[in-house]
There are 2 protein chains.
Amino acid sequence: MTKIILDGMGGDNAPEEIVKGAVCAVNADKELSVVITGDEGKISPVLAGLSYDKERISLVHCTEVITNDDVPTLAIRQKKDSSLVVALKMLKEDESAKGFVSAGSTGAVLTGALLRVGRIRGVSRPAVCPVLPTAKEGKVLIIDAGANAECKPVNLAHFAIMGTAYAKANLGIANPRVGLVTNGTEEHKGDPLHQEAHELLKKLPGICFVGNVEGRDIMSGDIDVAVCDGFSGNIALKTTEGTAMAVMKIIKKNISESFWAKVGYALFMRKAFKKIKRVMDYNKYGGAVLLGIEKVVVKSHGSSKADSICASLLQAKEAAEHNVTENIKALLSEADLENLGASES
Amino acid sequence: MTKIILDGMGGDNAPEEIVKGAVCAVNADKELSVVITGDEGKISPVLAGLSYDKERISLVHCTEVITNDDVPTLAIRQKKDSSLVVALKMLKEDESAKGFVSAGSTGAVLTGALLRVGRIRGVSRPAVCPVLPTAKEGKVLIIDAGANAECKPVNLAHFAIMGTAYAKANLGIANPRVGLVTNGTEEHKGDPLHQEAHELLKKLPGICFVGNVEGRDIMSGDIDVAVCDGFSGNIALKTTEGTAMAVMKIIKKNISESFWAKVGYALFMRKAFKKIKRVMDYNKYGGAVLLGIEKVVVKSHGSSKADSICASLLQAKEAAEHNVTENIKALLSEADLENLGASES
C-alpha cells in the first residue's frame with residue numbers, strides 16, 4: 001500500500017473535483033491510499049455521495065486555505081492550519097507518507113515544499129518538471145518550467161540530473177536523451193549562462209547529453225529531457241499550450257466555414273478529434289513534478305478536474321515506487337559536480 | 001515604381017526558386033521592380049524560361065556566395081563580390097533602392113546590414129521581427145526573435161518602439177497592443193532585465209503597453225507585438241513552429257488510424273486541411289523584417305521557395321512604401337529614452 005497526501009482545498013475546483021479525483025484514483029489502483037487535508041464540513045458531504053473503499057481514503061480536518069492571492073512565504077509561515085501546510089507537515093513527519101499532490105498556487109507549493117519538507121542535499125535548486133506529448137507519440141520533460149527565473153550553470157546541470165532520474169523512473173526510458181534548449185544548435189550558441197551550462201553538461205557522467213536544441217525540437221520526439229533555465233522554460237512551456245490552442249481554433253474555424261468539411265466532421269471525425277484533444281491536453285496526464293525535494297511532490301494544474309487529480313495521484317505513487325528521490329541522489333553523487341568546478345556561488 | 005534588391009544566391013533553393021519568386025512578384029504587382037544579384041550563368045537560364053515584364057527585373061552579376069558555413073563578420077569583409085555584399089552596397093548607395101530581400105544565412109544578413117547599410121541613429125540594437133498567425137485570425141509580431149541573445153532594458157524598449165512602428169505600417173493596426181513576454185503576468189515577474197524593461201515600457205510615450213504576458217498569450221490574438229529578449233524570443237518562435245508541427249502530426253496519425261476518419265478526410269476535409277496548413281505555414285506570409293536598419297531588410301526563411309520569396313518581396317515593398325524607417329525615427333524621438341534614464345551602457 002502506498003500512501004499519498006492530497007491538498008483537498010487547493011485549485012479552482014476544490015474541494016469537490018479534488019475529492020472526486022481521490023475516489024477515482026483509489027478505485028483505479030488497489031494499492032493506493034489517500035489522506036485528504038481540508039475542511040471536513042465541505043469534504044465529507046462529497047465523499048458521502050461516492051462509492052469507494054472507505055479504508056483507503058481518510059480525512060484530516062483543517063480550517064485555513066492558501067489562495068493565489070497570498071504571498072507564498074508569508075502564507076506558509078502564518079497559515080499553519082491550512083490544507084497545504086498541514087499536508088506538508090504530515091509528508092515530512094510520517095514516514096509511511098510517500099508523496100503529495102496539490103492543485104494550489106505553484107509558488108505556495110514550491111515554497112512550502114522547500115521550507116517544510118526540505119530539498120535533497122546537493123541539489124542547488126528544486127525545479128518544476130511537466131510532461132508533454134511529442135510528435136512521435138512519446139513524452140518529453142521540460143525542466144525547469146518556471147521555479148527559477150534566474151539560474152546559474154550548476155542549476156542547469158542539476159536539472160539535467162533530476163530530469164534524467166525522473167525520465168528513467170516514471171517514463172521508463174533507459175537512457176534519456178538530454179537537450180539544452182538555446183537559441184540555436186551550434187555549440188557556441190546562447191548567452192554565457194547557456195554556454196557554460198553546455199560545457200558542464202558535456203562533462204557530466206550518467207547523463208546522455210545530445211547537445212544544444214531549439215524550441216522546435218522540444219516536442220519533436222528526438223529528446224526526452226529538455227533542460228531550460230526557469231525563465232525561458234516557462235515561456236517555452238506556455239508557448240506550447242498557446243500554440244496548440246491556436247492551432248485547434250484555426251482548425252475548428254476552417255471546418256466550420258466549409259459545408260463539406262462540417263459534414264465530414266459530423267459524420268466521420270468527431271471521435272478522432274476527441275482523441276486528439278485528449279492527447280494534446282497534457283494536464284490530464286497528471287501534474288508537474290517538483291524535483292529536488294526530499295519526497296515526491298506533484299503540482300496539478302490550478303484548473304484541475306477529477307481526472308487530472310486522479311492522474312496526478314497515480315503519478316505521485318509511481319514516482320514514489322520508483323524511488324525517484326533515491327535515483328536523483330545516486331546520479332548526483334556519480335556526477336560529482338564540485339569536482340567539475342561547478343558550484344552555486 | 002518601387003525598386004527592391006534580391007539576393008539571388010542566398011537560401012537552400014537558390015538561385016532557381018529565388019528567381020521564380022522575383023518573377024511571381026513582378027507579375028503580381030505592376031509597381032514593383034527587382035534587381036537580382038548573383039551568378040549570371042545560373043540565373044539567366046532560369047529567367048529565360050519565364051514570362052514577365054523584362055523592364056522590371058534586372059541582373060547584377062557577381063561571382064561569390066556566402067553560405068551558412070561562413071563566419072558572418074569575416075564573410076562580409078572578405079567576400080566582396082558575393083551576392084549579399086553586392087546587394088547591400090547597392091541598397092546603401094542607390095537612393096532609388098528601397099529595400100532588400102535575402103533567404104541567406106541570418107547571421108550574415110544581419111551583420112551585413114549593420115556593417116554595410118547601418119543602423120538607425122538612436123536604435124541600440126536591430127532586431128529580427130517575424131509575423132505569426134493568431135487564434136483570432138489576426139497576426140502578431142515577435143521582436144526580437146533572435147538577433148540579440150543578451151539584452152539590456154533599453155534594447156527591449158527599442159524593440160517595443162520598432163514593433164509598434166512596423167505593426168502600424170505593415171499590419172495596418174492603428175494602436176498596436178504591446179506585451180512583454182515573461183514568466184507570468186504579474187508586474188513583478190521575471191528576472192531583473194524584464195522587471196526593469198517593464199518599468200521602462202510603462203513610461204514610454206507612443207506605445208500601447210498592455211503589461212506582462214506569458215508564452216500562451218503570444219498567439220492568442222490579444223496582443224499585436226510580443227516584446228522578447230532575443231534568447232527567449234527565439235525559443236518562443238521556434239516552439240510555436242515545433243508545436244504546430246507536432247499537433248499536425250498527431251492529428252494526421254489519429255486520422256490515419258481510424259477507418260472512418262480516413263474516409264471522412266478523403267471525402268470531405270482535404271481542402272479544409274490544406275487551408276489550415278497554409279494558415280499555419282507563416283513563412284509563406286513573407287519573411288522576418290530586420291528592424292533598426294536604415295533601409296528595409298527582409299530575411300526570408302532559408303528553405304524559401306518561390307511563393308515565400310514572392311511574399312517577402314511584396315512585404316519589403318509595402319514596408320518601404322509605408323516608411324517604416326521614418327516611423328521608427330519619429331517614435332524614437334517621441335519616446336526620448338535618454339530622458340527616461342535608459343541608456344545602452
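- Where an unreviewed UniProt entry is consulted, chain A appears under the name Phosphate acyltransferase, with the organism given as Candidatus Borkfalkia excrementavium.
- What UniProt records for chain A under Catalytic activity (unreviewed entry) is the sentence "a fatty acyl-[ACP] + phosphate = an acyl phosphate + holo-[ACP]".

### A short note on the interface of chain A and chain B
- With 54 residues of chain A at the interface, the matching set in chain B holds 54 residues.
- At the boundary of chain A with chain B, the tally comes to 8 residue pairs in polar contact (both at pLDDT 80 or more).
- Only α7 (192-203), α8 (230-257) and α9 (259-280) of chain A provide two or more residues apiece to the side of chain A that touches chain B.
- Of the residues forming the side of chain A that touches chain B, the biggest block, 22 residues, is contributed by α8(A).
- The residue makeup of the side of chain A that touches chain B, split by class, is 27 nonpolar, 15 polar and 12 charged.

### Remarks on the pattern of salt bridges
- Overall, the coordinates contain 36 salt bridges over all chains when judged by the stated rule.
- Here B:Lys79 makes a salt bridge to B:Asp70, at a shortest N to O gap of 2.8 Å.
- Shared partners join several salt bridges into a network, and the residues in it are A:Glu214, A:Arg216, B:Lys238 and B:Glu241.

### Details of the relation of the copies chain A and chain B
- Mapping chain A onto chain B leaves a residual RMSD of 0.0 Å; the transformation is a rotation of 180° accompanied by 0.0 Å of translation along its axis. In the structure described here, the two chain copies are related by an operation that fits a two-fold rotation axis.
- The share of interface residues of chain A whose copies in chain B are also at the interface is 100%, consistent with both copies meeting through the same surface.

### Remarks on the pairing of strand β11 (residues 288-291) of chain B
All names here are of chain B.
- Residues Ala288 and Leu290 of β11 are buried on one face, and the alternating residues Val289 and Leu291, pointing to the opposite face, are buried as well.
- Taken together, the 2 bridges between β11 and strand β12 (residues 296-299) define a ladder with antiparallel strand orientation. Counted as the bridge partner of Ala288 is Lys299 from β12.
- The hairpin turn running from β11 into β12, its antiparallel successor, is 4 residues long, and Gly292 in that turn takes a positive phi close to 110°.

Thresholds applied
- Going along each chain's sequence as written, the residues are numbered from 1 onward.
- Whichever chain is written first becomes A and whichever ligand is written first becomes 1, with later ones labelled in order.
- Restriction of local features to residues with pLDDT of at least 70 applies here, the model being predicted, together with a cutoff of 80 or more for giving and counting side-chain atom pairs; totals for whole chains, interfaces and linings are based on all residues.
- Remark: hydrogens and water are excluded; side-chain values derive from all non-hydrogen atoms of the structure.
- UniProt positions are given in the numbering used here, feature names are shortened, and annotations may be inferred rather than shown by experiment.
- Between two residues, a contact is recorded if the distance between any of their heavy atoms is within 4.5 Å.
- Between N or O atoms, a polar contact is any pair within 3.5 Å; within protein, one atom must be a potential hydrogen donor and the other a potential acceptor, and residues adjacent in sequence are included only when both atoms are from side chains.
- A run of H or I in DSSP becomes a helix once it reaches four residues, and a run of E becomes a strand once it reaches two; helices and strands are each numbered from the N terminus.
- Under the scheme applied, nonpolar residues are Ala, Val, Leu, Ile, Met, Phe, Trp, Tyr, Cys and Pro; charged residues are Asp, Glu, Lys and Arg; polar residues are all the others, including Gly.
- A side-chain nitrogen of Lys or Arg and a carboxyl oxygen of Asp or Glu constitute a salt bridge if their distance falls within 4 Å.
- To superpose the copies, least squares is applied to the C-alpha atoms of every residue with a pLDDT of at least 70 in both.
- Burial classes follow relative accessibility: with a 1.4 Å probe on protein chains only, a residue under 20% of its type's maximum area counts as buried, one over 50% as exposed, and anything between as partly exposed.
- For two strands to count as paired, DSSP must find a minimum of two bridges between them.

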